[in-house]
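Each chain, written out:
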Amino acid sequence: MRIKADTERCIGAGMCALTAPKVFDQSEDDGTVLLLAEEPAAEDEAAARRAVQVCPSGALSIA
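Residues numbered from 1 in each chain as written. Predicted model: local features only at pLDDT ≥ 70, side-chain atom pairs only at ≥ 80, totals over all residues. Heavy atoms only, no water.

Per an unreviewed UniProt entry, the protein chain carries the name Ferredoxin and comes from Sphaerisporangium rhizosphaerae. Turning to the protein chain, the UniProt record has this under Function (unreviewed entry): "Ferredoxins are iron-sulfur proteins that transfer electrons in a wide variety of metabolic reactions." (UniProt positions renumbered as here; feature names shortened; annotations may be inferred.)

A. Just the nonpolar core, in detail. Grouped together as the largest cluster of nonpolar side chains are 13 residues, with contacts concentrated most on Cys-16, Phe-24, Val-33 and Leu-60. Per-element tally for this core: the top contributor is helix 2 (residues 45–54), with three residues. (Core = buried A, V, L, I, M, F, W, Y, C linked by side-chain atoms within 4.5 Å. Buried < 20%, exposed > 50% of the residue type's maximum accessible area, 1.4 Å probe, protein only. Helix = DSSP H or I, 4+ residues; strand = E, 2+ residues; numbered from the N terminus.)

B. Fine view of the environment of Arg-9. Checked against the element boundaries, Arg-9 lands in the loop between strand 1 (3–5) and helix 1 (15–19). A residue is classified by how much of its surface remains accessible, and Arg-9, at 48% relative accessible area, is partly exposed. The spatial distance from the C-alpha of Arg-9 to the C-alpha of Asp-29 is 16 Å, given a sequence separation of 20 residues. Every residue in contact with Arg-9, bar those within four places of it in the chain, is listed here: Ser-57, Gly-58 and Ala-59. (Contact = heavy atoms within 4.5 Å.)

C. Looking closely at the environment of Ala-41. Its location among the elements puts Ala-41 in the loop between strand 3 (33–35) and helix 2. On the basis of relative accessible area, Ala-41 is assigned to the partly exposed category, the value being 32%. Here the alpha-carbon distance between Ala-41 and Lys-22, two residues 19 residues apart in the chain, equals 9.1 Å.

D. Looking closely at the pattern of salt bridges. Taken as a whole and assessed by the stated rule, the structure comprises two salt bridges. Notably, a salt bridge pairs Arg-2 with Glu-38, separated by 3.2 Å at the nearest N-O pair. Residue Arg-2 is found in the segment before strand 1, and its partner Glu-38 is found in the loop between strand 3 and helix 2; the two are separated by 36 residues along the sequence. With relative accessibility at 35%, the residue Arg-2 sits in the partly exposed group. Among the salt bridges present, the one from Arg-2 reaches Glu-39, with a minimum N-O distance of 2.1 Å. Of this pair, Arg-2 sits in the segment before strand 1 while Glu-39 sits in the loop between strand 3 and helix 2, and the two are 37 residues apart along the sequence. (Salt bridge = Lys/Arg side-chain N within 4 Å of Asp/Glu carboxyl O.)

E. Here's a closer look at the environment of Leu-36. Structurally, Leu-36 can be placed in the loop between strand 3 and helix 2. Between the alpha carbons of Leu-36 and Lys-22 there is a distance of 6.9 Å; along the sequence they are 14 residues apart. Residues within four places of Leu-36 in sequence aside, it is in contact with Pro-21, Lys-22, Val-23, Phe-24 and Asp-25.

Following this line, the structure appears as structure tokens:
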């Protein structure tokens, strides 16, 4: 599983960081998504998938 994050599309809602904190964080500068793990560990995959689903801007995707 590979996660992609489009920082240009991100609105900084923070749902990803709340849902999967081992995979996502937010930039201190503008609040946009920071990808901590492009390929999440097996135990973090379910949370990462959920984060992709709840992203309000659609900035996250699974490749």
